[in-house]
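# Architecture and fold: a report
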There are 4 protein chains.
Amino acid sequence: MAYQRSALMQERLADNRQRILAAARQLVAEGGFRAASVTAVAGISGLSTGAIYRYFPSKAALFVEVLSSAVAYECAILSAIVDGEGSATARLRAAVESFARRALQGPHLAYAFIAEPADPEVEAARILCRRDFSNVFKRVLRQGIADGEFPKQSVDISAACIVGAFTEALVRPTEHRAKRRQDRALIRSIVDFCERAVTNGG
Amino acid sequence: MAYQRSALMQERLADNRQRILAAARQLVAEGGFRAASVTAVAGISGLSTGAIYRYFPSKAALFVEVLSSAVAYECAILSAIVDGEGSATARLRAAVESFARRALQGPHLAYAFIAEPADPEVEAARILCRRDFSNVFKRVLRQGIADGEFPKQSVDISAACIVGAFTEALVRPTEHRAKRRQDRALIRSIVDFCERAVTNGG
Amino acid sequence: MAYQRSALMQERLADNRQRILAAARQLVAEGGFRAASVTAVAGISGLSTGAIYRYFPSKAALFVEVLSSAVAYECAILSAIVDGEGSATARLRAAVESFARRALQGPHLAYAFIAEPADPEVEAARILCRRDFSNVFKRVLRQGIADGEFPKQSVDISAACIVGAFTEALVRPTEHRAKRRQDRALIRSIVDFCERAVTNGG
Amino acid sequence: MAYQRSALMQERLADNRQRILAAARQLVAEGGFRAASVTAVAGISGLSTGAIYRYFPSKAALFVEVLSSAVAYECAILSAIVDGEGSATARLRAAVESFARRALQGPHLAYAFIAEPADPEVEAARILCRRDFSNVFKRVLRQGIADGEFPKQSVDISAACIVGAFTEALVRPTEHRAKRRQDRALIRSIVDFCERAVTNGG
DNA sequence: CATGAATGAGAATTCATTCAT
DNA sequence: TATGAATGAATTCTCATTCAT
C-alpha cells in the first residue's frame, strides 16, 4: 500500500511539475517574460506559489527549464529531419520549413528566444538554446559540404546566421497577424533564402 | 555676458544630455536593459535621478532615444555605402561588413536590437529600428534584382533575414571574447553568407 | 482540520483588513490625508507595505473605503433616526444631535469629509459621501414640508446647508480641545440653528 | 538717481510679488493645491522658481498669503455690507448673497478654503481664514440679537454654521456647471436658509 | 506536502529648495 | 538680482521568496 501510494504520489508530483512548466510556457508565449510572474504561473497551473518552489528552486530555474525543454522538443524534431534521408539541401529545406511552420502557429514561443528575460541565469540558458538550434543545422551543413553539395564555409557562422535569419523573419509577422496564404509565402521565402545562402551559384 | 552664459549653459546642458545617453548606452551594452535602472544611469552619468527627468520625460523615452539614435547613426553609414558606387553585390558586402565590424567593437549594442526590453514602449522602438535597418538592405536588393545581379526574391523577407543573420551571428561572440584575427574571419563568413543568400540560384 | 485552518485564516485576514482600515482612519483623523502615507498605514497597522496591497488594490481604494465605510455607518444611524417615530422637527433635531455628538468624539473624521484629499479618486468618493449624508436629511425635510411642519424650500439646498453647517461647526473645536460641558452647548446650538433654518418663524 | 532707481526697483519688486500671488491664486482656483507647484507658479508668473524664493521664504508662506489676501479682500466687501445701512436681516441677506454670487463666478476660489493643502502651515491659515469670515457674520448677528430682530443664540456657532452652509452649498455646483438661472435660484435658497436659521424661533 | 499571506528591498517618479552663473 | 539646472528625500507600487498553519 505504501508502495502504491508512493507510486501514485510520484505520478502526481510529475503531473504538477508538468502543469507548472505548461503554465510558464503559456505565459511566456502569450506575453513574454514580462507577463510571467510566479503568481501568474501559480494561478494558471492551479497550484500555489509555495508549491512552485517545491518543484523548482527558483523562478530562474523554472524558466531555464521552460526554455530548454521547448528547445529540446524542437531540436528533436529538427534532428529527425536533419538526420533522415535525402540530399543535404532537401533536409535543410525541410528542417527550416518545419521550424518556421510551427513557429508561425505559436509565434510567441519562438519569440521567447528573443525576449530578454529578467534573470541573467535565464539569459544564459536562452543563449545556449540558440546554440542548440544551430548545432542541428551545423550537422547538415557539414554533411552537405562533405558531399560537395555546399561550398566550403564556416558551419558555425552559417548555422548561426540561419537561426538568426528565420527567427528575425518569424518575429515580424506577429505584428500584422496575416492569413495562411501569406504564411506559406513567408515560409517559402525563408527556406529559399537559407538554401541559397549555403549553396553554390553553380 | 548674459549671452555668453547662455552659450555655456546650453553647452553644458547638451553635454549632460549626451552623458545620460552615453551612460544608458553603456549600461545596456554591459548588462542589457535589465541592468539599466534610472538610478544606475544617474550614477554613471554623474547626475541625480531627478536630473534624468529634466532631460527625458520617462525612462522609456530615454531608452527609445538610446536605440533610435544608435540606429540613426548606423543607418546613415549603411545608407552611404548602399547608395554609393559599384555593383549591388559589392555594396551589399560592404554594408554588411561595415556594420559587423562596428558591432564587434561594441558587441552589446547590436544585442540591444535583438533582446526584447522590459518596457513595451521601448520594444515598439526596437521593432521600428530593425525595420529601419532592413529598409536600407531592401534598396540594394531591389537594385540588384533589377540589374539582374540577384535572382527574383522577396526583398522584404531577404532583408529581414540578412538583419537577423548578422545580428545573431554578432551576438554570439560576446561569450568568447575573441581576438581580432577571429573577428576578421567572422566578418568574412557573415558577408559571404549574405552574398550567397541573395545571389545564388540564378 | 483544513476547515478549521481556513476559518482561522479568514478571521485573521478580516482582522488585518480591519487593522489597515483602522490605521488609515486614525492617520486621517490625526493629521489629515497628508499624513496618511502607505508607509505610515503599514507601520501603524503592524503590516508591511506589500501587505496593504493584498487587501486594497491601491492607496486611493483604501481611502475611498475609509470614507465610505465611515459614512455608511453614520448614515445607517441617521437613517434609523430620520425614518423613526415623531414629528419631522424632532427627528431632524435628533439626527443632527446624534451626528454632532459622535463627531465631537472623533472630530477629525468629520474633518475628512470636509478637507479635499490629494487624490482625485478619493475626492470623488468624498463628494458622494456628502451627498449620502444630505440624502438622509432630504427625506426628513420632504416629510416635514408635506406635513406642513416646514415651509416650502429647496430640499436639495437645505440639506446641503445642514451638512455644511454642522461639519463646519464641528471642525472648529479641534483647535481648542474643549470640555464636555462646552460640547453640550455646541451641540445644542447647532441643533437649534438647523431647526430654525428649516422651520417657520410663525 | 540712485533714489529714482530705488523707486522703480521697488515698484518692479512689488509688481513681481503681485504677479506671483496672482499666478498662485489662479492655479489654486483652477486645480486646487494639488496643481499649484512652485514650478507652475513660476511658469505662469513669468518668473523663475528661484525668484519665487526671493519674494517668499517658502512655498507655504506664499500660499498662506494667497489665502489671507483673498480672504481679506472678501472680508472687506462683506464688512462694508454688514456694517452698512438697513436692518440686520437685510444686511445678512445681502452679505450671504454677495459672497455666494462671487463664489459662483469663480467657484474654485471658495473651493480653496475647502481643499486640503499639502502644508500644515497653510492648513492653519485656512482655518484662520474661515474664522475671519465668520467674524464678519458674528457682528451682524450680535446686532440683530441686540435689536431684537434675531432670537438669542450662540453667535459663534451660528456664524460658523453660516460659513459652513454656504461653502458646502457652493462647492456642489462645480460638478454640474449650470446656467445663470439655476445660480440665481441657488443663491436665493442659500440666503433664505441662512435667514431662517438665525431669525426663526422668535 | 500544500497553501497563500506576509515580507521588504527595489523600482520609477515628483518636487520644494538651493546655488553657481 | 534673476535664472533654472541640479539635488535627493519621499512616495507609491511590485514581486520573488519564505514559512506558519
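Residues numbered from 1 in each chain as written. Chains lettered and ligands numbered in written order. Predicted model: local features only at pLDDT ≥ 70, side-chain atom pairs only at ≥ 80, totals over all residues.

## Description of the overall build of chain A
Test applied: Helix numbers and strand numbers start at the N terminus; a helix is a DSSP run of H or I with at least 4 residues, a strand a run of E with at least 2. As a rule, residues whose C-beta atom has 12 or fewer other C-beta atoms within 10 Å are exposed, those with 20 or more are buried, and those in between are partly exposed; C-beta atoms are placed from the backbone. We call two residues in contact if the C-beta atoms placed from their backbones are at most 7 Å apart.
Helix and strand content of chain A: nine helices and zero strands. In sequence order, chain A lays out its α and β elements as α-α-α-α-α-α-α-α-α. By residue count, 42% of the 202 residues in chain A fall in the buried class. Put simply, of all contacts in chain A between residues at least 6 apart along the chain, 70% involve residues at least 24 apart.

## Observations regarding the protein's contact with DNA strand F
Applied cut-off: We count a residue as near a molecule or strand when its backbone-placed C-beta atom lies within 6 Å of that partner.
By nearness alone, 34 residues border DNA strand F, and S48 and G50 of chain B, G50 and K59 of chain C together with G50 of chain D come closest of all. Mapped by element, the contributors of at least two residues to the surface near DNA strand F are α2 (38-45) and α3 (49-55) of chain A, α1 (2-31) and α3 (49-55) of chain B, α1 (2-31), α2 (38-45) and α3 (49-55) of chain C together with α3 (49-55) of chain D.

## Focus on the nonpolar core
Burial of nonpolar side chains together is a common tendency in soluble globular proteins. Note the threshold: Structurally, a nonpolar core is described as a collection of buried Ala, Val, Leu, Ile, Met, Phe, Trp, Tyr and Cys residues joined by way of C-beta atoms within 7 Å.
With 109 residues, the main nonpolar core has A24, L67 and I190 of chain C together with A24 of chain D as its most contacted residues. Counting residues in each nonpolar core, the second largest holds 108 residues, with L67 and F113 of chain A together with V64 and V71 of chain B among its members.

## A short note on the protein's contact with DNA strand E
What counts, and what does not: Note on residue classes: Ala, Val, Leu, Ile, Met, Phe, Trp, Tyr, Cys and Pro are nonpolar, Asp, Glu, Lys and Arg are charged, and everything else, Gly too, is polar.
Around DNA strand E, the structure places 36 residues, and the nearest of them are G50 of chain A, G50 and K59 of chain B together with S48 and G50 of chain C. When grouped by side-chain class, the residues that make up the surface near DNA strand E number 12 nonpolar, 18 polar and six charged.

## Overview of the packing of helix α4 (residues 59-82) of chain A against helix α7 (residues 120-146) of chain A
All names here are of chain A. Here is the rule: Here the axes come from fitting lines to C-alpha atoms, over the contacting stretch only for helices, and the angles between their N-to-C directions go from 0 to 180 degrees. Here the word oblique covers every angle except those under 35 degrees (roughly parallel), over 145 (roughly antiparallel) and from 65 to 115 (roughly perpendicular).
Two numbers describe how α4 lies on α7: the axes approach to 9 Å, and their chain directions differ by 5°. The angle between α4 and α7 places the two elements in the roughly parallel class. Contact with α4, carried on its side by A60, F63, V64, L67, S68, V71, C75, L78, S79 and V82, involves E121, V122, A125, R126, C129, D132, F133, V136, R139 and V140 of α7 and no other residues of that element. A breakdown of the residues in the contact of α4 with α7 according to their chemical character gives 14 nonpolar, two polar and four charged.

## Describing the environment of P151 of chain C
Residue and element names in this part refer to chain C. As for its position among the elements, P151 is in the loop between α7 (120-146) and α8 (155-171). The class of P151 is partly exposed, set by 15 C-beta atoms lying within 10 Å. A sequence separation of 74 residues divides P151 from I77, and the C-alpha atoms of the two residues are 26 Å apart.

## Some thoughts on the packing of helix α4 (residues 59-82) of chain D against helix α5 (residues 88-105) of chain D
Residue and element names in this part refer to chain D. Note the cut-off: By definition, turning the near helix anticlockwise from the far helix through less than a right angle yields a left-handed crossing, and turning it clockwise yields a right-handed one.
Two elements in contact, α4 and α5, have axes whose closest approach is 8 Å; the angle formed by their N-to-C orientations is 155°. Judged on the interaxial angle alone, α5 and α4 are roughly antiparallel. You can see that α4 and α5 cross each other, and the crossing is right-handed. Contact with α4, carried on its side by E74, I77, L78, I81 and V82, involves R91, A94, A95, S98 and F99 of α5 and no other residues of that element.

## A closer look at the confidence of the model for chain A
For the record, the criterion: The predictor's confidence in any single residue is recorded as pLDDT, a number from 0 to 100.
Here chain A shows a mean pLDDT of 81. Residues at 70 or above account for 81%. Across residues 173-177 of chain A the pLDDT falls below 50, and counting only partners more than four positions away or on other chains, this stretch makes six contacts in the model.

## Things to note about the environment of R34 of chain B
In this structure, R34 of chain B sits in the loop between α1 and α2 (38-45). Residues R34 of chain B and A118 of chain B, 84 residues apart in the sequence, show an inter-C-alpha distance of 7.4 Å.

## Side note on the environment of S189 of chain A
Among the structural elements, S189 of chain A can be located in helix α9 (residues 180-198). Each C-alpha atom, one on S189 of chain A and one on E97 of chain A, is 9.9 Å from the other, the two residues being 92 residues apart in sequence. In contact with S189 of chain A, other than residues within four places in its own chain, are Q153, S154 and I157 of chain B.

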